[in-house]
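A closer look at the structure
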Amino acid sequence: MKPPKKLTQPSAAESQEPDFEQELEEVERSLLLLKERYAQVQQDQQQQAQWQQELKHLKQNQHQTPELKAELKRLEKQLEILEINLESQLFSWNTIKRPFWQAVRFGGLGIIIGWILKSCEG
């Protein structure tokens, strides 16, 4: 008679290992994206400073020819687009999703507790 086979269940450390590796890979991807975004922001800020300097120089020019006016409008549009790009990519739904839902959860919890306390009081 053979002894019954024991089913070996993976230990807690073995089952958490793939999760840890996946989380680590996700953190590494996030870090890489953050580094890319930081480099892009620095480049955009340098470009913005350069265009603002050029815009200031063109506005100080006494002879406003149609070509200069067109160049001024072009630079102003490019600066506006660049500012929107800088602002829009600093905050995304993924960066504020967790704090948003925590505020909703705990704010709702506070309202419910307030209603309960008010009903017990009155």
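Residues numbered from 1 in each chain as written. Predicted model: local features only at pLDDT ≥ 70, side-chain atom pairs only at ≥ 80, totals over all residues. Heavy atoms only, no water.

**What about the overall build of the protein chain?**
Selection criterion: Here a helix means four or more residues in a row that DSSP labels H or I, a strand means two or more in a row labelled E, and each is numbered from the N terminus. Only protein chains enter the calculation, and the probe is 1.4 Å; a residue is then buried if its accessible area is under 20% of its type maximum, exposed if over 50%, and partly exposed in between. Should any heavy atoms of two residues lie within 4.5 Å, those residues are considered in contact. Every accessible area reported is derived by Shrake-Rupley at a probe size of 1.4 Å, with residue values counting cover from the shown protein chains alone.
Each helix and strand counted, the protein chain has three helices and zero strands in total. Walking the protein chain from its N terminus toward its C terminus, one meets helices and strands in the order α-α-α. The burial tally for the protein chain puts 11% of its 122 residues in the buried class. Within the protein chain, contacts between residues at least 6 apart in sequence are counted, and of these 56% link residues at least 24 apart. Accessible surface computed for the protein chain: about 11300 Å², of which carbon and sulfur atoms make up 59%.

**Remarks on the confidence of the model for the protein chain**
Just so we agree on the cut-off: For every residue, the pLDDT score states the predictor's confidence, bounded by 0 at the bottom and 100 at the top.
Looking at the protein chain, pLDDT values average 79 and 79% of them are 70 or higher. No element of the protein chain has a lower mean pLDDT than helix α2 (residues 66-90), which averages 81, and none a higher one than helix α3 (residues 93-121), which averages 84.

**Let's talk about a negative patch on the surface**
What counts, and what does not: A patch consists of residues whose relative accessible area exceeds 30% and which take part in no salt bridge; residues with like charges are grouped when within 9 Å of each other, and nonpolar side chains (Val, Leu, Ile, Met, Phe, Trp, Tyr) when within 5 Å. Any Lys or Arg side-chain nitrogen found within 4 Å of a carboxyl oxygen on Asp or Glu counts as a salt bridge. Counting rule for charge: Lys and Arg are taken as positive, Asp and Glu as negative, and neither His nor the chain ends is counted. A charged residue contributes its charge at one atom only: NZ of Lys, CZ of Arg, CG of Asp or CD of Glu.
A contiguous patch of negative charge, built from E17, E21, E25 and E28, is present on the exposed surface. With respect to the helices and strands, the residue E17 is situated in helix α1 (residues 12-60).

**Overview of the pattern of salt bridges**
Across all of its chains, the model carries two salt bridges by this definition. The salt bridge involving E71 is made with R74; its shortest N-O contact spans 2.4 Å. Linking E71 with R74, this pair stays in helix α2, spanning three residues, or about one helical turn. Using a relative accessible area of 24% as the deciding quantity, one classes E71 as partly exposed. You can call R74 partly exposed: its relative accessible area is 36%.

**Overview of the nonpolar core**
How we decide: Only buried residues count toward a nonpolar core, which is a set of Ala, Val, Leu, Ile, Met, Phe, Trp, Tyr and Cys residues joined through side-chain atoms within 4.5 Å.
By size, the foremost hydrophobic cluster in this structure holds eight residues: W51, L55, L58, L68, L72, L75, L79 and L82. Tallying contributions element by element places α2 first for this core, with five residues. Not counting residues within four places of it along the chain, the set of residues in contact with L79 comprises Q48, W51, Q52 and L55.

**Things to note about the packing of aromatic side chains**
Threshold: Classification of ring pairs uses Phe, Tyr and Trp, with its six-membered ring standing for Trp, and accepts pairs whose centres are within 6.5 Å; under 30 degrees between planes counts as stacked, over 60 as edge-to-face, and the remaining range as tilted. Two thresholds decide whether a charge sits over a ring: the Lys NZ or Arg CZ must be within 6 Å of the ring centre and within 35 degrees of the ring normal.
The tally for this structure, following the rule as stated, stands at one aromatic pair. Considering the side-chain rings of F100 and W101, the 4.9 Å spacing of their centres and the 75° angle between planes classify their relative orientation as edge-to-face. Judged by relative accessible area, which is 38%, F100 ranks as partly exposed. Classification of W101 as partly exposed rests on a relative accessible area of 44%. Positioned above the aromatic ring of F106, the side-chain terminus of R105 is 5.7 Å from the ring centre.

**Section: a nonpolar patch on the surface**
Taken together, the side chains of F106, L109, I113 and L117 make up a nonpolar region of the molecular surface, amounting to roughly 400 Å² of accessible area. Note on placement: L117 falls in helix α3. The exposed category is assigned to L117, whose relative accessible area is 56%.

**Some words on the side chain of Q48**
Mapped onto the elements of the fold, Q48 is located in helix α1. The class of Q48 is buried, set by a relative accessible area of 15%. Non-local contacts of Q48, meaning those with residues more than four positions away in its chain, are made with L79, L82, E83 and L86.

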